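Fold and contact review
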Amino acid sequence: MEEFFYLRRSTVTQTLQAMEKNGLIRRSSVARDARLKKLELTEAGQSLYVQSKHIFQSMHTMIDSVRDIDQGLRGCLKLGSIYSTISFTLDFLKKYHAEYPNVEYYIRMGTPGDLLKDLSNGDLHVIFLRGTTSEISGSWERILGEETLEVILTESLDPAPGLDYIPIERLRDVPMCLLRSDDLWSYNNYLINECQRNGFSPNVVCQCYDTPMALQMVQSGFGISFLPPALVNIIGSHELYSKPIRGITAKSYPTMMWNSSVMYSGCVKRFIDMFGQ
(Lines give C-alpha, C1' and ligand atoms only; values in the text may rest on other atoms or scores of the structure.)
Protein backbone atom coordinates (compact mmCIF):
# COMPACT_ATOMS: atom_id res chain seq x y z
CA MET A 1 0.00 0.00 0.00
CA GLU A 2 2.85 2.35 0.79
CA GLU A 3 4.45 1.79 -2.62
CA PHE A 4 1.19 1.79 -4.58
CA PHE A 5 -0.10 5.09 -3.10
CA TYR A 6 3.34 6.65 -2.46
CA LEU A 7 2.54 7.13 1.23
CA ARG A 8 4.62 6.91 4.37
CA ARG A 9 4.19 3.88 6.61
CA SER A 10 2.91 6.03 9.46
CA THR A 11 0.22 7.53 7.20
CA VAL A 12 -0.93 4.08 6.04
CA THR A 13 -1.01 2.79 9.63
CA GLN A 14 -3.12 5.74 10.84
CA THR A 15 -5.49 5.39 7.88
CA LEU A 16 -6.03 1.65 8.44
CA GLN A 17 -6.56 2.17 12.17
CA ALA A 18 -9.21 4.82 11.45
CA MET A 19 -10.94 2.55 8.90
CA GLU A 20 -10.94 -0.36 11.36
CA LYS A 21 -12.27 1.85 14.15
CA ASN A 22 -15.14 2.95 11.89
CA GLY A 23 -16.00 -0.63 10.95
CA LEU A 24 -14.89 -0.42 7.32
CA ILE A 25 -12.19 -3.13 7.42
CA ARG A 26 -11.31 -6.11 9.56
CA ARG A 27 -8.11 -8.05 10.16
CA SER A 28 -7.93 -11.83 9.94
CA SER A 29 -5.11 -14.33 10.36
CA VAL A 30 -3.34 -15.97 7.44
CA ALA A 31 -3.38 -19.76 7.77
CA ARG A 32 0.10 -20.34 6.35
CA ASP A 33 1.79 -17.73 8.57
CA ALA A 34 0.37 -16.60 11.92
CA ARG A 35 2.61 -13.51 11.84
CA LEU A 36 0.70 -12.12 8.86
CA LYS A 37 -2.67 -10.38 8.87
CA LYS A 38 -5.12 -10.09 6.00
CA LEU A 39 -7.25 -6.97 5.55
CA GLU A 40 -10.82 -7.34 4.26
CA LEU A 41 -13.64 -4.89 3.63
CA THR A 42 -16.61 -5.31 5.95
CA GLU A 43 -20.15 -5.07 4.59
CA ALA A 44 -20.12 -1.37 5.51
CA GLY A 45 -16.79 -0.96 3.74
CA GLN A 46 -18.09 -2.62 0.59
CA SER A 47 -21.15 -0.37 0.63
CA LEU A 48 -18.96 2.73 0.97
CA TYR A 49 -16.75 1.49 -1.89
CA VAL A 50 -19.75 1.17 -4.22
CA GLN A 51 -21.12 4.58 -3.23
CA SER A 52 -17.71 6.16 -3.74
CA LYS A 53 -17.48 4.72 -7.23
CA HIS A 54 -20.83 6.27 -8.06
CA ILE A 55 -19.60 9.65 -6.78
CA PHE A 56 -16.50 9.49 -8.98
CA GLN A 57 -18.64 8.44 -11.93
CA SER A 58 -20.82 11.48 -11.39
CA MET A 59 -17.72 13.71 -11.36
CA HIS A 60 -16.51 12.21 -14.63
CA THR A 61 -20.01 12.66 -16.06
CA MET A 62 -19.90 16.40 -15.38
CA ILE A 63 -16.44 16.66 -16.94
CA ASP A 64 -17.53 14.72 -20.04
CA SER A 65 -20.67 16.85 -20.40
CA VAL A 66 -18.60 20.03 -20.51
CA ARG A 67 -16.16 18.47 -23.01
CA ASP A 68 -19.02 17.29 -25.24
CA ILE A 69 -20.17 20.88 -25.78
CA ASP A 70 -17.06 21.71 -27.80
CA GLN A 71 -15.92 18.30 -29.10
CA GLY A 72 -19.14 16.41 -29.79
CA LEU A 73 -20.33 13.31 -28.00
CA ARG A 74 -17.39 11.33 -26.58
CA GLY A 75 -16.67 9.08 -23.60
CA CYS A 76 -16.66 5.31 -23.01
CA LEU A 77 -19.77 3.12 -23.17
CA LYS A 78 -19.46 -0.12 -21.16
CA LEU A 79 -21.77 -2.93 -22.27
CA GLY A 80 -22.24 -6.49 -21.04
CA SER A 81 -24.04 -9.36 -22.74
CA ILE A 82 -24.74 -13.03 -22.26
CA TYR A 83 -23.97 -15.23 -25.24
CA SER A 84 -27.56 -15.56 -26.42
CA THR A 85 -28.17 -11.78 -26.63
CA ILE A 86 -24.94 -10.77 -28.38
CA SER A 87 -26.81 -10.26 -31.67
CA PHE A 88 -29.03 -7.59 -30.03
CA THR A 89 -25.97 -5.94 -28.48
CA LEU A 90 -24.08 -5.71 -31.77
CA ASP A 91 -27.14 -4.56 -33.72
CA PHE A 92 -27.72 -1.65 -31.33
CA LEU A 93 -24.01 -0.85 -31.25
CA LYS A 94 -23.80 -0.56 -35.05
CA LYS A 95 -26.69 1.92 -35.14
CA TYR A 96 -25.23 3.92 -32.25
CA HIS A 97 -21.72 4.00 -33.73
CA ALA A 98 -23.07 5.30 -37.03
CA GLU A 99 -24.35 8.41 -35.23
CA TYR A 100 -21.62 8.82 -32.60
CA PRO A 101 -18.30 7.57 -34.05
CA ASN A 102 -16.15 9.26 -31.39
CA VAL A 103 -17.50 7.18 -28.48
CA GLU A 104 -15.26 4.33 -27.31
CA TYR A 105 -16.59 0.92 -26.21
CA TYR A 106 -15.86 -1.66 -23.58
CA ILE A 107 -17.78 -4.90 -24.16
CA ARG A 108 -17.68 -8.13 -22.20
CA MET A 109 -19.61 -11.39 -22.20
CA GLY A 110 -20.38 -13.16 -18.95
CA THR A 111 -22.90 -15.08 -16.91
CA PRO A 112 -26.16 -13.34 -15.88
CA GLY A 113 -25.08 -13.22 -12.23
CA ASP A 114 -21.70 -11.65 -13.02
CA LEU A 115 -23.21 -9.05 -15.35
CA LEU A 116 -25.91 -8.07 -12.83
CA LYS A 117 -23.22 -7.65 -10.17
CA ASP A 118 -21.08 -5.47 -12.47
CA LEU A 119 -24.14 -3.35 -13.33
CA SER A 120 -24.91 -2.87 -9.64
CA ASN A 121 -21.29 -1.95 -8.88
CA GLY A 122 -21.13 0.54 -11.74
CA ASP A 123 -18.56 -1.45 -13.73
CA LEU A 124 -21.02 -1.75 -16.63
CA HIS A 125 -23.50 0.84 -17.90
CA VAL A 126 -25.95 -1.36 -19.84
CA ILE A 127 -26.35 -5.14 -19.96
CA PHE A 128 -28.30 -7.51 -22.20
CA LEU A 129 -29.81 -10.61 -20.57
CA ARG A 130 -32.73 -12.98 -20.99
CA GLY A 131 -35.68 -13.37 -18.65
CA THR A 132 -38.50 -15.87 -18.38
CA THR A 133 -41.17 -13.26 -17.68
CA SER A 134 -42.46 -10.37 -19.76
CA GLU A 135 -43.25 -8.27 -16.69
CA ILE A 136 -41.00 -5.24 -16.32
CA SER A 137 -39.90 -4.81 -12.72
CA GLY A 138 -38.85 -1.17 -12.99
CA SER A 139 -38.04 1.75 -15.27
CA TRP A 140 -34.56 0.35 -15.89
CA GLU A 141 -35.55 -2.53 -18.15
CA ARG A 142 -36.73 -2.91 -21.71
CA ILE A 143 -38.06 -6.18 -23.12
CA LEU A 144 -36.66 -6.53 -26.66
CA GLY A 145 -38.81 -9.41 -27.87
CA GLU A 146 -39.78 -12.97 -27.06
CA GLU A 147 -38.83 -16.46 -28.19
CA THR A 148 -40.37 -19.84 -27.47
CA LEU A 149 -37.72 -22.18 -26.09
CA GLU A 150 -36.96 -25.17 -28.31
CA VAL A 151 -34.82 -28.28 -28.35
CA ILE A 152 -31.38 -27.70 -29.89
CA LEU A 153 -30.10 -30.91 -31.43
CA THR A 154 -28.22 -32.71 -34.19
CA GLU A 155 -29.69 -35.20 -36.65
CA SER A 156 -28.14 -38.20 -34.90
CA LEU A 157 -30.09 -37.51 -31.69
CA ASP A 158 -33.36 -36.30 -33.21
CA PRO A 159 -36.10 -38.31 -31.42
CA ALA A 160 -38.72 -37.32 -34.00
CA PRO A 161 -37.18 -37.45 -37.48
CA GLY A 162 -39.61 -36.41 -40.18
CA LEU A 163 -41.66 -34.22 -37.80
CA ASP A 164 -41.46 -30.45 -37.40
CA TYR A 165 -42.01 -30.81 -33.67
CA ILE A 166 -41.11 -33.25 -30.89
CA PRO A 167 -43.80 -34.99 -28.83
CA ILE A 168 -42.57 -34.70 -25.27
CA GLU A 169 -42.86 -38.46 -24.69
CA ARG A 170 -40.20 -38.94 -27.39
CA LEU A 171 -37.67 -37.29 -25.04
CA ARG A 172 -37.69 -40.30 -22.72
CA ASP A 173 -34.13 -41.71 -22.43
CA VAL A 174 -32.71 -39.11 -24.86
CA PRO A 175 -29.43 -37.73 -23.37
CA MET A 176 -29.71 -34.06 -22.42
CA CYS A 177 -27.08 -31.37 -21.85
CA LEU A 178 -28.96 -28.74 -19.85
CA LEU A 179 -27.94 -25.58 -18.07
CA ARG A 180 -26.95 -26.14 -14.44
CA SER A 181 -29.72 -26.48 -11.87
CA ASP A 182 -29.03 -23.01 -10.39
CA ASP A 183 -29.32 -21.31 -13.78
CA LEU A 184 -30.80 -17.85 -13.25
CA TRP A 185 -33.59 -18.31 -15.82
CA SER A 186 -34.59 -21.90 -14.86
CA TYR A 187 -34.70 -23.36 -18.40
CA ASN A 188 -33.35 -26.60 -16.92
CA ASN A 189 -35.97 -26.88 -14.17
CA TYR A 190 -38.86 -26.06 -16.51
CA LEU A 191 -38.09 -28.92 -18.91
CA ILE A 192 -37.42 -31.39 -16.09
CA ASN A 193 -40.76 -30.54 -14.47
CA GLU A 194 -42.62 -30.96 -17.77
CA CYS A 195 -41.01 -34.36 -18.39
CA GLN A 196 -41.90 -35.53 -14.89
CA ARG A 197 -45.45 -34.26 -15.34
CA ASN A 198 -45.66 -36.56 -18.37
CA GLY A 199 -44.55 -39.61 -16.40
CA PHE A 200 -40.77 -39.84 -16.81
CA SER A 201 -37.52 -38.30 -15.53
CA PRO A 202 -35.23 -36.86 -18.23
CA ASN A 203 -31.84 -38.41 -18.91
CA VAL A 204 -29.59 -35.46 -17.99
CA VAL A 205 -26.01 -36.50 -18.80
CA CYS A 206 -24.45 -33.06 -18.28
CA GLN A 207 -25.32 -29.87 -16.40
CA CYS A 208 -23.50 -27.12 -18.28
CA TYR A 209 -22.16 -23.98 -16.65
CA ASP A 210 -23.27 -21.68 -19.47
CA THR A 211 -24.93 -21.58 -22.88
CA PRO A 212 -21.75 -21.83 -25.02
CA MET A 213 -20.76 -25.01 -23.17
CA ALA A 214 -24.24 -26.51 -23.67
CA LEU A 215 -24.05 -25.79 -27.41
CA GLN A 216 -20.58 -27.33 -27.68
CA MET A 217 -21.80 -30.46 -25.92
CA VAL A 218 -24.76 -30.75 -28.30
CA GLN A 219 -22.55 -30.17 -31.34
CA SER A 220 -20.16 -32.88 -30.10
CA GLY A 221 -23.01 -35.40 -29.92
CA PHE A 222 -23.34 -35.73 -26.14
CA GLY A 223 -27.03 -34.85 -26.07
CA ILE A 224 -29.75 -32.31 -26.83
CA SER A 225 -30.44 -29.03 -25.03
CA PHE A 226 -33.37 -26.68 -24.35
CA LEU A 227 -32.58 -23.09 -25.30
CA PRO A 228 -33.70 -20.08 -27.38
CA PRO A 229 -33.65 -21.14 -31.07
CA ALA A 230 -31.84 -17.94 -32.11
CA LEU A 231 -28.66 -19.53 -30.77
CA VAL A 232 -28.52 -21.81 -33.81
CA ASN A 233 -27.92 -18.76 -36.02
CA ILE A 234 -25.42 -17.23 -33.60
CA ILE A 235 -23.19 -20.28 -33.46
CA GLY A 236 -23.40 -20.70 -37.25
CA SER A 237 -23.18 -24.49 -37.33
CA HIS A 238 -24.79 -26.51 -40.13
CA GLU A 239 -25.03 -29.51 -37.80
CA LEU A 240 -27.34 -27.84 -35.27
CA TYR A 241 -31.02 -27.09 -35.68
CA SER A 242 -34.00 -26.55 -33.39
CA LYS A 243 -37.46 -28.04 -32.95
CA PRO A 244 -40.33 -27.02 -30.67
CA ILE A 245 -41.75 -29.48 -28.14
CA ARG A 246 -45.45 -30.07 -28.81
CA GLY A 247 -47.56 -28.35 -26.15
CA ILE A 248 -44.60 -26.55 -24.51
CA THR A 249 -44.71 -22.76 -24.85
CA ALA A 250 -42.03 -21.63 -22.39
CA LYS A 251 -40.85 -18.15 -23.36
CA SER A 252 -37.51 -16.38 -23.19
CA TYR A 253 -37.39 -12.58 -23.24
CA PRO A 254 -34.24 -10.73 -24.39
CA THR A 255 -33.91 -7.77 -22.04
CA MET A 256 -31.85 -4.57 -21.94
CA MET A 257 -31.11 -3.37 -18.41
CA TRP A 258 -29.50 -0.29 -16.84
CA ASN A 259 -29.29 1.28 -13.39
CA SER A 260 -31.68 4.22 -13.16
CA SER A 261 -30.18 5.41 -9.85
CA VAL A 262 -26.79 6.26 -11.42
CA MET A 263 -25.96 9.61 -13.02
CA TYR A 264 -24.60 8.58 -16.42
CA SER A 265 -22.39 10.48 -18.86
CA GLY A 266 -23.83 11.92 -22.06
CA CYS A 267 -22.80 8.98 -24.26
CA VAL A 268 -24.49 6.47 -21.93
CA LYS A 269 -27.66 8.53 -21.58
CA ARG A 270 -27.85 8.88 -25.37
CA PHE A 271 -27.56 5.10 -25.81
CA ILE A 272 -30.36 4.52 -23.28
CA ASP A 273 -32.50 7.22 -24.92
CA MET A 274 -32.05 5.59 -28.33
CA PHE A 275 -32.78 1.99 -27.37
CA GLY A 276 -34.30 1.96 -23.88
CA GLN A 277 -37.71 3.41 -24.75
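Every chain is numbered on its own, with residues counted from 1 as its sequence reads. Restriction of local features to residues with pLDDT of at least 70 applies here, the model being predicted, together with a cutoff of 80 or more for giving and counting side-chain atom pairs; totals for whole chains, interfaces and linings are based on all residues. Working from all heavy atoms in the structure, the side-chain values ignore hydrogens and water.

**Thoughts on the pattern of salt bridges**
Basically, it comes down to this: Take a side-chain nitrogen of Lys or Arg and a carboxyl oxygen of Asp or Glu: if they are within 4 Å of each other, that pair is a salt bridge. When accessible area is computed with a 1.4 Å probe and restricted to protein chains, residues below 20% of their type maximum are described as buried, those above 50% as exposed, and intermediate ones as partly exposed. Each helix is a run of DSSP H or I of at least 4 residues and each strand a run of E of at least 2, with the numbering of both proceeding from the N terminus.
Here the structure, examined in full by the defined rule, presents 10 salt bridges. The closest approach of N and O atoms between E40 and K38, which form a salt bridge, is 3.8 Å. Accessibility expressed as a relative area gives 41% for K38, which makes it partly exposed. A salt bridge links R246 to E169; the shortest N-O distance between them is 3.3 Å. Here the residue R246 occupies a position in the loop between β12 (241–243) and β13 (251–258), and E169 occupies one in the loop between β8 (150–153) and β9 (175–179), the gap between them amounting to 77 residues. Exposure remark for E169: the relative accessible area of 45% places this residue in the partly exposed category. Overlapping salt bridges bring together R26, K38 and E40 as one network.

**Some thoughts on unusual backbone geometry**
Non-glycine residue D173 carries a positive phi angle of around 70°. Considering the arrangement of structural elements, one finds D173 in the loop between β8 and β9. Taking relative accessible area as the criterion, D173 reaches 59% and is therefore assigned exposed.

**Quick word on the pairing of strand β2 (residues 33–41)**
Condition: Paired strands are those between which DSSP finds at least two bridges.
Examined bridge by bridge, strand β1 (residues 25–30) and β2 share 6 bridges and lie antiparallel to one another. Each bridged residue has a counterpart across the sheet, and for R27 the counterpart in β2 is L39. Hairpin remark: β1 followed by β2, antiparallel, with 2 residues in the connecting loop.

**Things to note about the pairing of strand β3 (residues 76–81)**
Inspection of the sheet shows β3 paired to strand β4 (residues 104–109) by 6 bridges, in the parallel sense. Across the sheet, L79 pairs through a bridge with I107, a residue of β4. Here β3 pairs with strand β5 (residues 126–131) via 3 bridges, running parallel. Bridged to G80 within β5 is I127.

**Things to note about the packing of aromatic side chains**
Just so we agree on the cut-off: Two rings belonging to Phe, Tyr or Trp (six-membered ring only in the last case) form a pair when the distance between their centres is within 6.5 Å. Interplanar angles under 30 degrees mark stacking, angles over 60 mark edge-to-face geometry, and anything in between is tilted.
As enumerated under the stated definition, the model contains 6 aromatic pairs in all. Where Y96 meets Y100, the ring centres are 5.1 Å apart and the plane angle is 50°; that geometry is what we call tilted. Each member of the pair, Y96 together with Y100, is buried. Summarising the aromatic geometry, the rings of Y96 and Y105 are spaced 6.3 Å apart at their centres and angled 70° between planes, so their arrangement reads as edge-to-face. Residue Y96 is classed as buried on the basis of its relative accessible area of 0%. The rings of F92, Y96, Y100, Y105, F128, F271 and F275 are connected pair by pair, giving a single aromatic cluster.

**Examining the sheet that holds strand β11 (residues 225–227)**
Note the following rule: Note on definitions: angles span 0 to 180 degrees between N-to-C directions of axes, and those axes are lines fitted to C-alpha atoms, for helices only across the stretch in contact. In what follows, a contact means two residues having at least one pair of non-hydrogen atoms within 4.5 Å.
Read from one edge to the other, the open sheet built from 3 strands follows the order β11-β8-β12, with strand pairing classed as antiparallel. A single partner strand is all that each edge strand has here, and the edge strands are β11 and β12. Here the strands of the sheet are splayed against their neighbours by 40° on average, with no regard to which way each runs. Packing of helix α7 (residues 211–219) onto the sheet brings it into contact with β8 and β11, and relative to β11 it is tilted by some 140°.

**Overview of the packing of helix α4 (residues 86–99) against helix α9 (residues 266–275)**
Selection rule: For classification purposes, an angle smaller than 35 degrees is called roughly parallel, one larger than 145 roughly antiparallel, one from 65 to 115 roughly perpendicular, and anything else oblique. Whether a crossing is left-handed or right-handed is set by the direction in which the near helix is turned from the far one by less than a right angle, anticlockwise for left-handed and clockwise for right-handed. When residues are grouped by polarity, Ala, Val, Leu, Ile, Met, Phe, Trp, Tyr, Cys and Pro land in nonpolar, Asp, Glu, Lys and Arg in charged, and all others, Gly among them, in polar.
As a packed pair, α4 and α9 sit with axes 11 Å apart at the nearest point and diverge in direction by 120°. Viewed along their axes, α4 and α9 adopt a mutual orientation that is oblique. When you trace α4 past α9, the crossing you get is right-handed. On α9, the residues that touch F92, K95, Y96 and E99 of α4 are C267, R270, F271, M274 and F275. Class assignment of the residues belonging to the contact of α4 with α9 gives a composition of 6 nonpolar, no polar and 3 charged.

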